[in-house]
Structure formats: structure tokens, C-alpha cells
Amino acid sequence: MEFFKIRKDIPFMRHALVFNVISLVTFLLAVFFLATRGLHLSVEFTGGTLIEVSYSQAADLEKIRGALGKSGFSDYSVQNFGSSQDVLIRLPLKSEQNTAKLGESVMAALSAEDASASLRRVEFVGPQVGKELVVIIGIVIYLAFRFEWRFSVSAIIANLHDVIIILGFFAFFQWEFSLSVLAAVLAVLGYSVNESVVVFDRVRETFRKARGMTTPQVLDHAITSTISRTIITHGSTQMMVLSMLVFGGETLHYFAMALTIGILFGIYSSVLVASPLVMWLGVSREQFIKAPKAKDPNVS
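Residues numbered from 1 in each chain as written. Predicted model: local features only at pLDDT ≥ 70, side-chain atom pairs only at ≥ 80, totals over all residues. Heavy atoms only, no water.

**Some details on the packing of helix H9 (residues 227–247) against helix H10 (residues 249–272)**
Moving on, step 1. At a minimum axis separation of 8 Å, H9 and H10 run at an interaxial angle of 155°. Classified by the interaxial angle, the pair formed by H9 and H10 is roughly antiparallel. Seen along the crossing, H9 lies across H10 with a hand that is left-handed. For the pair H9 and H10, the contacting residues are Thr-230, His-234, Thr-237, Gln-238, Val-241, Met-244, Leu-245 and Phe-247 in the first and Gly-249, Leu-252, His-253, Phe-255, Ala-256, Met-257, Leu-259, Thr-260, Ile-263 and Ile-267 in the second. (Axes fitted to C-alpha atoms, helices over the stretch in contact; angles between N-to-C directions. Helix = DSSP H or I, 4+ residues; strand = E, 2+ residues; numbered from the N terminus. Parallel < 35°, antiparallel > 145°, perpendicular 65-115°, else oblique. Left-handed = near helix turned anticlockwise from the far one by under 90°. Contact = heavy atoms within 4.5 Å.)

So this is what it looks like as C-alpha cells:
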């Protein structure tokens, strides 16, 4: 499906060096912020306390946050859980407090604001890092086997570039990095891998079918011929993400932010980072055309 078709190939590779210098500077800044500021990890990563509270009417989340803030709590997360009357509060567990006492302190603060607040459950949760990160390793392995090594190396670098830049934004602004944000990062990897696969498959197809085109011309043609698909796919996704960012509230805010950053940089890296890397690694038409078998001299 195409909304439009560009008749003349856009010379992306003519500006490949500029694109990659911009990308390298952005990448190095992201690494710098990660090293100096670090990530503001949520309770799922650091361990802490989950408190479920029920109200007789729809809970006022802003009032709850205000009550917790007045009582000296920090780094808390407040969101609806199941219904508008049920609230889930996440708190880091301090060394001098146990789970039960922390729950009592929270309920004292909330009851002072609204007497209908009742405690449903309070429990400690440990760090949950590990399972989701296996997906990233799986994607890298998939790319390693999916393409000829030049394409694989370029796609892996481009995808890791996306992940580091998302993490860099979260480190610079000290946004909370939660499991939902990690899920967004994995979703971005999926989109970026998909885009790389589409462009590189078109590159291989063009090498096999078109004669007389240089490697930069083949890459320009592959990128240009997939632009319409890229705009439709990522544009429609970004519209949904934008609605979550605007109307999703605090629960979906950072999830949507991570997706927005990732979609923008994912398009950029798949097209303007991975493709130049393939070119500089020496991809050529001869690598995709099987040499004709030598004729047996004994056969007349």
C-alpha cells in the first residue's frame, strides 16, 4: 500500500557522513548522561513496597500524591488499579523501615485526607530485572543469522544506538525508568528491526535485479522505495502513542515518551545509520549474484 510514490531516488548516501556524525554525537551524549547521572529506576528494579488502597468513591490521585508528599514520602508512584476507586502505591523500602510500618504510615497520611481510605494489601516486591533483557539478546541473535554479516553488524549497531539514546533521554531528565518503559524500549527494538529488515531486503532485491547501479545508488533506491511504507507504519503508530501521551495520564506518560523517542530515532537509525554502515563495510552486487558454474570441458 502506498499513499504516494517518489519517482526519483533521494540521494541519502550523499550526506551519509553528516547523518552519522550527528548520530555519533547524540550517542556519545547519551552515554555521557548515563555514566554521570544514571537512570532513575523504579521500584520494579530496586525493590520496594506495593500498597493497595480502596476508596468508597473515585480516588483523587492528585490529592493522594499531595498527602504523601506532605508526610515526607518521596519517589512514590500513584495510579489507579483495576477501577477508579482502587489505587496502587509504589514506594521504595528504606533500610530503617519494614513493610508493615511503612503501610501504617501511608494509611495514616491518606486517612487524614479521606477517612474512607481502607488498606487492601501491602507487600514487598524484589527487583525484577532479567527476563525482559533476554529479548534484546534474542533480537541480536536473530539479526546475526538473518542477514549477511555486513547487514547484521549494521542492523545491530543501529538498534543498540536506539536503545542507548532512549536511555540517555531518561538519564538526562531523570524520568522514572520502570518496567513499562522497558516494554516500550523492547517495542521500539521491534519496530527498528522491522524497518531494517524491510530496507535491507529491498537492497538485496535491487542488487540482484538492477545492473549498472553503484552501491550508493542501490541504497538510495531501497530507502526511497520504502519511504511510503515507513510513513504509513510509523505515522499511524505515532498517532496512537501521541494520544496516550496527551490523554493517558501519569501511568502511560513515560511509556509513551519512550515510544515517541524510539520511533523517531528508530526511523533515523534504520535508514540513515544502518544503510551508510553497510556501504562503508563494502557491500556490493557480487555478494548476491551466484557465479555461473564452470563448464565441464569433457562435456561437448
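Still more to cover.
**A few points about the pattern of salt bridges**
Moving on, step 1. As enumerated under the stated definition, the model contains eleven salt bridges in all.
Moving on, step 2. Measuring nitrogen to oxygen at the nearest pair gives 4.0 Å for the salt bridge that ties Glu-52 to Arg-120. Residue Glu-52 is located in strand E2 (residues 48–54), and its partner Arg-120 is located in strand E5 (residues 118–125); the two are separated by 68 residues in the primary sequence.
Moving on, step 3. The exposure class of Glu-52 is buried, given its relative accessible area of 10%.
Moving on, step 4. Note on Arg-120: relative accessible area 52%, which makes it exposed.
Moving on, step 5. Residues Arg-150 and Glu-148 are paired through a salt bridge, measuring 2.3 Å at the closest nitrogen-oxygen approach.
Moving on, step 6. We classify Arg-150 as buried; its relative accessible area is 15%. (Salt bridge = Lys/Arg side-chain N within 4 Å of Asp/Glu carboxyl O. Buried < 20%, exposed > 50% of the residue type's maximum accessible area, 1.4 Å probe, protein only.)

**A closer look at unusual backbone geometry**
Moving on, step 1. Of note, the phi angle at Gln-174 is positive, near 55°, even though the residue is not glycine.
Moving on, step 2. Among the residues examined, Gln-174 registers a relative accessible area of 33% and is labelled partly exposed.

**Some details on the side chain of Ser-196**
Moving on, step 1. In this fold, Ser-196 is placed in helix H7 (residues 179–209).
Moving on, step 2. A relative accessible area of 0% means that Ser-196 is categorised as buried.
Moving on, step 3. Excluding its chain neighbours within four sequence positions, the residues that come into contact with Ser-196 are Phe-147, Ala-155, Asn-159 and Ser-270.

**Here we look at the nonpolar core**
Grouped burial of nonpolar side chains is what soluble globular proteins tend to show.
Moving on, step 1. By size, the foremost hydrophobic cluster in this structure holds 54 residues, and its most contacted members are Phe-151, Phe-177, Phe-200 and Val-203.
Moving on, step 2. Put simply, the parts of the chain that give this core at least two residues each are helix H1 (16–36), helix H5 (131–146), helix H6 (149–173), H7, helix H8 (215–225), H9, H10 and helix H11 (274–280).
Moving on, step 3. Ranked by the residues each element gives to this core, the list is headed by H7, at 13 residues.
Moving on, step 4. Those residues in contact with Phe-200 that lie beyond four places of it in its chain are Phe-147, Phe-151, Ser-154, Ala-155, Ala-274, Ser-275 and Val-278.
Moving on, step 5. Of all hydrophobic cores here, the second largest spans 18 residues; its members include Val-87, Val-106, Met-107 and Ala-117. (Core = buried A, V, L, I, M, F, W, Y, C linked by side-chain atoms within 4.5 Å.)

**Things to note about H1**
Note: α-helices contain 3.6 residues per turn, so residues at a spacing of three or four share the same orientation.
Moving on, step 1. Counted at 1.5 Å a residue, the expected span for H1 with its 21 residues is 30 Å, and the 30 Å between its end C-alpha atoms agrees.
Moving on, step 2. Every buried residue of H1 is accounted for by Ala-16, Phe-19, Asn-20, Ser-23, Ala-30 and Phe-33. Axial view of H1: buried residues confined to an arc of 150°, hence all on one face. Opposite its buried face, H1 presents the exposed residues Leu-17 and Ala-35, each directed more than 90 degrees away.
Moving on, step 3. Lining the buried residues of H1 we find H6, H10 and H11.
Moving on, step 4. Immediately beyond the C-terminal end of H1, within one or two residues, lies Gly-38, with a positive phi of roughly 75°. (Expected span 1.5 Å × (residues − 1). Arc of directions from axis to C-beta.)

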